[in-house]
Amino acid sequence: MTAPFKAPFKNRARAALADPVLKIAIDRTTGNAERKRAAALAAFPEFETARARGRAIKDHVIAHLGHYLELFERNATARGAQVHWAADDAEARAIVTRICLAADAKLVTRAKSMLGEEIGLPHALADAGIERVETDLAEHIIQLAGEAPSHIIWPAMHRTREQVAELFKAGHQPPPAAEDPATMVQSARRVLREKFLSADIGISGANFLVADTGATCTVTNEGNAELTTTPPRIHIVTAGIEKLVPSTAHAFALLRLLVRSATGGEMTQYTTFHAGPRRPGDADGPEEMHIVLVDNGRSRMLADEFREMLRCIRCGACMNHCVVYRQIGGHAYGGTYPGPMGAVLTPVLDGLAASRDLPNACTMNGRCAEVCPVGIPLPTLLRAWRRRSWREGLEPGSLRAGIGIWAQVARRPRLYRLATRIGLPLMRLFGKGGWIARLPLAGGWTDHRDLPRPAARSFMDQYRAQQKARK
Amino acid sequence: MTARDRILSAIRATLGPGKPPAQIAAEAAALLDDPDAARPRLAAPGLPDAFAQKAAALGTSIDRIGSMAEVPRAMARYLDAHGLPPRFAMQPAPELAALDWSGLAPHPGTAPDEPAALGLALHGIAESGSLVIHSGPDNPILMAFLPLHHVVLLREATLLPHLEDYAARLSAEAAPRNAILITGPSGTTDIEGSYVRGAHGPGFLHVILIAEPG
Amino acid sequence: MPGEPKPTVGLFVTCLVDAIRPQIGFATLQLLEEAGCVVEVPQAQTCCGQPALNSGDDRDAAHLARQTIAAFEGYDHVVLPSGSCAATMVHGYPELLASDPDWAARARAMAAKTHEITSFLADVMGYAPAGRRLNASATYHDSCSGLRELGVAAQPRALLSHVEGLEMRGLPGNDVCCGFGGTFCVKYSEISNAIVTEKAEAIEETGAELLLAGDLGCLMNMAGKLNRRGAKTRCFHTVEVLAGRAEGPAIGEDAP
């Protein structure tokens, strides 16, 4: 979606770094996720084979994307679902809004879907005058707070229990009796139950679109997806076109990777396939099912160097293991998707000019790629964005000039030797003892840490002198 | 040009003309060859023990009984142990209606705040401790989500070793509107990562595992 | 191996070692010679090009790649006391020059014989230091590029286990980035600072007297932070300890 005006990335990051409560919340959630994932993998020695297979499944689907989209459409239609296609976020919003207005819907329940966030569905529903109730507990929390998700698995991970208690006190009638998580969850259960049963339309995402059955698949631990999609008259699914799998068995192969990588569990509590609307005689279920297949930059990624990103199954492991995410949290990234996967996707969705900081604000340590369950080379993709940003002249002039001058010198070894011969003694003048505490033009370094004083003579000079002495 | 045409033609422009569908299908199937190499082994020898171990580890309680006729007694035991009234929602399935429910009061339909419900699982999956239920005329989906206590009957004979074994059956038959794998009671870790049961669905999941083929 | 000619090694000391801590270069040279190599230090070396590569400036990075390949491709092996510079040559150069018909094959050939020093000593030369002693406790940080792009993990630990008197202590989060990231640490200095602060805390908590690592960039980052915090931890490159050169000044302890 078109990004509203945002403070620059560095300001957002600075604000996040200055928030000690946020850091506690991030450490709790990502620390837990990291430990549980490690334990789940230790108990699953077949993980590496499963990962290679998961990657191959995604690559296969991507290589035959057109075929699988049409197959899915055919089978979903045969089950009675109505399939819609949206080339971009605006089209997707328009389709969903149109279905809601045509059904004269007053109340819509929604089960967490990052794609829904990506296409700006929450705002679109509000603009159409439709009451939207988020049913995932975390989404319920951030809806009460008027915020966006800060993590793709735990959208409210930035909120402490005390903050949640404040939100529930103001937002629940009657307010929860106590501030412990169990009591607060019970309160949400009661409040949302009424909404589930009175909603006109339920909107979900899809973790998988199963081509050979035409089913969409949702996975949740709370059971909110089924309560969102069963009672209302209409069930709408919004899903990215990369969510396709050939069959249910392929979905399970990926699910084993997804759940372990996301939460460290083996299976989500509820894994549900939705194939069309209620069948004749069925005891419950919606009368209509609509599936909105959303491109929004994906066919473009297929054509460029970001194709591998289409493998992403949205587990969040990359952000849980990212040193940058673990310092600044999700909101500082400023897009729908945070962390390493978000730093690759946000330039696709919001444009590189608005997000060039994201692929740059990364140490290239490679831990994200190491934990990715479908082997996405995230650092390579981030470097591809850096390359494009450099080529398109989006990098700051000071950096371009600095790198340019440095490269001119580094490409001339003799000049380089001369530069070190002059530069090192000069730099040493700023030192005291072995350290330099403040160096002009190097505030980025010395504002936060000392710089070891350089050698009086470079290695190359010392080495050459030794060689001469030997001869 | 419709959005559909624009998307598909953009994809075709990149990928070129596709392979024959039969070849694609064969390639897709080959990706799942040697499934044991890429899935967890069962937790115990024998499907019932493997299932029971996995399910218990997820917080599902298990009562193993010999025959279908023992179900009402097992249900009474469960309700009693949890201080629940003898009234509970029951799936409108003929084989449940045929049992002797004297002393208990099963009823059809599930209230929004139903304390307990009893239903039948179509399958159990030993690998993951999952229960499979399908929507249908005699199986309202909400019965598995509205109650606080969800009690599920599972016949040992219907146990399947792995998720793939269930997937094969699902594609062989016409898939129902909803095919649901339930793996443990409803839970959330959305507040500070603390695990709390009963987020929206049942806070308690109880399996009555029946040895007799039925 | 007796009878066989000694392998020739082109030593790329890296720009940071050249300027900041030449002793790492001399320690590397010494270890390579002890391991039975004939070592040369080509004068045409400057920087591997990583700052340009990581900034997206492929043109300048490719220039430096070609310059470095031309200077080093004649040796049996190319060895660097840095996992990240070695990884640039092993993975970065072939990628940078992949579509350059004159250079692609040369880049791949050089990549195949380029090594980080500890993995070269342990894996290729089967070397183990003898008669080294250092009475100290130390902890080890795995620098990311070496660890993930080149698989440097067991080799430095195995080599260090031959140093008598050296007590190694585990570092919680040993495989988590220190926040250096090349130009990242100055471009996003506040985020980098937050990361290295956590790293410094973890190092201090081990109580180890020494911090060892295989990349001077990361070492400068961690040592600089530790010093700013007033920590007493002394920082050395792994090869300095292996070469018996860790008795003198540590990083930042005014070396001559």
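The preceding data block contains the structure.
Criteria and thresholds
- Residues numbered from 1 in each chain as written.
- Chains lettered and ligands numbered in written order.
- Predicted model: local features only at pLDDT ≥ 70, side-chain atom pairs only at ≥ 80, totals over all residues.
- Core = buried A, V, L, I, M, F, W, Y, C linked by C-beta atoms within 7 Å.
- Buried ≥ 20, exposed ≤ 12 C-beta atoms within 10 Å, placed from the backbone.
- Helix = DSSP H or I, 4+ residues; strand = E, 2+ residues; numbered from the N terminus.
- Expected span 1.5 Å × (residues − 1).
- Contact = placed C-beta atoms within 7 Å.
- Nonpolar A, V, L, I, M, F, W, Y, C, P; charged D, E, K, R; others polar.
- Pairing = 2+ DSSP bridges.

> I keep staring at the nonpolar core and nothing clicks. Help me out?
Taken as a class, soluble globular proteins show a tendency for nonpolar side chains to be buried jointly. With 292 residues, the main nonpolar core has Leu 254, Val 292 and Leu 378 of chain A together with Met 222 of chain C as its most contacted residues. For this core, the element with the most residues is helix H12 (residues 248–262) of chain A, which contributes 10 residues.

> I tried to follow helix H4 (residues 58–72) of chain C on my own but got confused; where do I start?
For an α-helix, the turn length of 3.6 residues means that residues three or four places apart are oriented alike. Residues and elements named next belong to chain C. For H4, spanning 15 residues, the distance from its first C-alpha to its last is 20 Å, which sits close to the expected 21 Å at 1.5 Å a residue. Most of H4 sits inside the fold, with 11 of its 15 residues counted as buried. Along H4, the residues that are buried comprise Asp 58, Asp 60, Ala 61, Ala 62, Leu 64, Ala 65, Arg 66, Gln 67, Thr 68, Ile 69 and Phe 72.

> Any chance you could explain the interface of chain C and chain A here in plain terms?
Buried accessible area, meaning the area lost when the parts come together, often serves as the stated size of an interface. With 59 residues of chain C at the interface, the matching set in chain A holds 51 residues. Breaking the side of chain C that touches chain A down by element, the ones donating at least two residues are helix H1 (15–19), helix H2 (22–34), helix H3 (50–55), H4, helix H8 (144–150), helix H10 (184–187), helix H11 (189–206) and helix H12 (216–228) of chain C. Classifying every residue of the side of chain C that touches chain A gives 29 nonpolar, 17 polar and 13 charged.

> What exactly am I supposed to notice about the pairing of strand S10 (residues 288–294) of chain A here?
On a regular strand, one side chain projects to one face of the sheet and the next to the other, so that they alternate. Residue and element names in this part refer to chain A. Judged by how many residues are buried, S10 sits mostly within the fold: six of seven residues are covered. Where strand S1 (residues 82–86) lies against S10, five bridges are found, and the strand directions are parallel. Pairing of Gln 82 across the sheet is with His 290, part of S10. The pairing of strand S7 (residues 234–240) with S10 spans seven bridges and is classified as parallel. If you follow Thr 238 over to S10, its bridge partner there is Val 292.

> Is there a simple way to explain the interface of chain A and chain B in this structure?
Every contact between the two is made by 81 residues of chain A and, on the other side, 63 residues of chain B. With eight residues, the single largest contributor to the side of chain A that touches chain B is helix H10 (residues 181–198) of chain A. Here the residues of the side of chain A that touches chain B sort into 38 nonpolar, 26 polar and 17 charged. Sheet analysis places strand S9 (residues 270–274) of chain A next to strand S9 (residues 178–182) of chain B, joined by five bridges and oriented antiparallel. Across the sheet, the residue bridging to Thr 272 of chain A is Ile 180 of chain B, located in S9 of chain B.

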